[in-house]
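# Geometric and topological summary
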Amino acid sequence: MDWNWDVIEPILVNQIKRKPSFISGFHEIKNVLATQSFAELFENVDEGRLQAEFSDWVNEIFAKRFPKEVKSLYFGLFSMVYPDNDSDDEITTVYFCGSTSTPQDDDDWACWTDNTYLAENKYLVLTDFMILDRNINKNTDIDGDLDVLIFHSLLNLLVINSLEMFQNLLNSTHKSVYLGSGYDGGDILVMGRLTKEGLE
């Protein structure tokens, strides 16, 4: 199967619309990979550890009030080589930023500008993303952007299943914020507008 963006985007959009539990969505991804003979990519990946590390990071980020000008929150993905890593392999990294624009205001609302809010601990290297990177690098049969589906769908699940935490952490200066996710250099998916009542 040719895993290009035209195939991947509808899967991610449907995932955002359905908002499955993390465990359910996690196993959906594993099942998709299994049908394509890529079940081994999730070897040693621990869904509980994924959630715990992400939740700890989100709590740290939200511990500090955002500037009142921030209207949107973006969770992004990119790959880089870390100097203190034992190998030269790239590691898929999550990052967080706040934007003073909304998806309605600007198509590039999630791009970094001089006005972008960046938390001190804006980067997150998840243990299980490193494991996935190693498993993917060992498999020479992967075509197209299958890695984009894996990492982006897992990030969506982590964000979707942290909505209640986000709602509780919304401070008095923010009645609502937009949420989005995506890969650097790729398309941005808007998850919706988060209020105290939920995601619209």
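All values derive from a computational prediction rather than experimental measurement. For every chain, the first residue of the written sequence is number 1, and numbering continues from 1 along that sequence. Local features in this predicted model are restricted to residues of pLDDT 70 or higher, and side-chain atom pairs are both shown and tallied only at a pLDDT of 80 or more, whereas totals for entire chains, interfaces and linings draw on every residue. Where side-chain values are given, they derive from all heavy atoms of the structure, hydrogens and water being excluded.

### Quick word on the overall build of the protein chain
- Regarding its fold elements, the protein chain presents six helices and six strands.
- Counting from the N terminus, the helices are the DSSP runs of H or I reaching at least four residues and the strands are the DSSP runs of E reaching at least two. Taken from the N to the C terminus, the helices and strands of the protein chain come in the order α-α-α-β-β-β-α-α-α-β-β-β.
- A compact globule built from 200 residues should have a C-alpha radius of gyration of about 16 Å, and the protein chain, at 17 Å, falls within 12% of that.
- Dimensions along the principal axes, computed over C-alpha positions, put the protein chain at roughly 50 × 40 × 30 Å.
- The proportion of buried residues among the 200 residues of the protein chain is 48%.
- Only heavy atoms matter for contacts: two residues are in contact if any of them lie within 4.5 Å across the pair. Residue pairs in contact within the protein chain that sit at least 24 positions apart in sequence constitute 69% of those at least 6 positions apart.
- Accessibility throughout is a Shrake-Rupley quantity obtained with a 1.4 Å probe, and a residue counts as covered only by protein chains that appear here. Total accessible area on the protein chain stands at roughly 10,100 Å², and carbon and sulfur atoms take up 46% of it.
- Note that His is not counted, nor are the chain ends; the positive residues are Lys and Arg, and the negative ones are Asp and Glu. To locate a charge, the coordinates of NZ of Lys, CZ of Arg, CG of Asp or CD of Glu are taken. Computed over 15 positive and 34 negative side-chain charges, the inter-centroid distance for the protein chain is 12 Å. Within these notes, the globule rule equals 2.2 Å times the number of residues to the 0.38 power, and the radius of gyration is based on C-alpha atoms. Note on classification: 1.4 Å probe, protein chains only; a residue is buried when its accessible area is under 20% of the maximum for its type, exposed when over 50%, partly exposed between these limits.

### Observations concerning the sheet that holds strand β3 (residues 123-124)
- With respect to topology, six strands assemble into an open sheet ordered β3-β2-β1-β4-β5-β6, the strand pairing being mixed. Two strands lie at the open edges of the sheet, namely β3 and β6 (198-199), each paired on one side alone.
- Contacts from helix α5 (residues 146-160) reach β1 (72-80), β2 (91-99), β4 (176-183) and β5 (188-195) within the one sheet, and its direction differs from that of β4 by about 160°. At least two bridges found by DSSP between two strands are what make those strands a pair. For helices, the fitted line uses only the C-alpha atoms of the stretch in contact; every axis is such a line through C-alpha atoms, and the angle between N-to-C directions lies from 0 to 180 degrees.

### As for the pattern of salt bridges
- Just to be clear on terms, a salt bridge is a Lys or Arg side-chain nitrogen sitting within 4 Å of an Asp or Glu carboxyl oxygen. Scanning the model with the defined rule gives three salt bridges in all.
- A salt bridge links Glu-28 to Arg-18; the nearest nitrogen and oxygen atoms lie 2.8 Å apart. With Glu-28 in helix α2 (residues 22-35) and Arg-18 in helix α1 (residues 5-18), this pair connects stretches of sequence that are 10 residues apart.
- You can call Glu-28 partly exposed: its relative accessible area is 31%.
- Put simply, Arg-49 and Asp-128 hold a salt bridge, and the shortest N to O gap is 2.6 Å. Of this pair, Arg-49 sits in helix α3 (residues 47-62) while Asp-128 sits in helix α4 (residues 127-138), placing them 79 residues apart in sequence.

### Things to note about a negative patch on the surface
- For patches, a residue must show more than 30% relative accessible area and have no salt bridge; joins then use 9 Å for like charges and 5 Å for nonpolar side chains, namely Val, Leu, Ile, Met, Phe, Trp and Tyr. On the surface, a cluster of negative charge is made up of Asp-2, Glu-40, Glu-43, Asp-141, Asp-143 and Asp-145.
- Owing to a relative accessible area of 37%, Glu-40 belongs among the partly exposed residues under this scheme.

### Points about the packing of aromatic side chains
- Only the six-membered ring of Trp is used, alongside the rings of Phe and Tyr, when aromatic pairs are assigned; centres must lie within 6.5 Å, and planes under 30 degrees apart are stacked while those over 60 apart are edge-to-face, with the rest tilted. Counted according to the given criterion, the structure contains 13 aromatic pairs.
- A ring pair is formed by Phe-75 and Phe-96, whose centres lie 5.4 Å apart and whose planes are at 55°; its orientation type is tilted. Here the residue Phe-75 occupies a position in strand β1, and Phe-96 occupies one in strand β2, the gap between them amounting to 21 residues. For the pair Phe-75 and Phe-96, one class covers both residues: buried.
- For the pair Phe-75 and Phe-166, a centre-to-centre distance of 5.7 Å together with 20° between the ring planes defines the contact as stacked. Here Phe-166 lies in helix α6 (residues 163-169) and Phe-75 lies in strand β1, a separation of 91 residues in the sequence.
- For Phe-75, a relative accessible area of 1% translates into the label buried.
- Taken together, the ring pairs in this structure connect Phe-54, Trp-57, Phe-62, Phe-75, Phe-96 and Phe-166 into an aromatic cluster.

### Brief notes about the packing of α3 against α5
- It is at 10 Å that the axes of α3 and α5 come closest, and there the two elements cross at 60°. On the basis of their axis angle, the class for α3 and α5 is oblique. The crossing of α3 and α5 is right-handed. When α3 is examined against α5, the residues Leu-50, Gln-51 and Phe-54 are found in contact with a partner set consisting of Leu-154, Leu-155, Leu-158 and Val-159.
- Asp, Glu, Lys and Arg are counted as charged, while Ala, Val, Leu, Ile, Met, Phe, Trp, Tyr, Cys and Pro are counted as nonpolar; the rest, among them Gly, fall into the polar class. For the contact of α3 with α5, the residue count by class is six nonpolar, one polar and no charged. These descriptions rest on fixed angle ranges, namely under 35 degrees for roughly parallel, over 145 for roughly antiparallel, 65 to 115 for roughly perpendicular, and the rest for oblique. Crossing chirality is assigned from the near helix's rotation relative to the far helix, an anticlockwise turn below a right angle marking it left-handed and a clockwise turn marking it right-handed.

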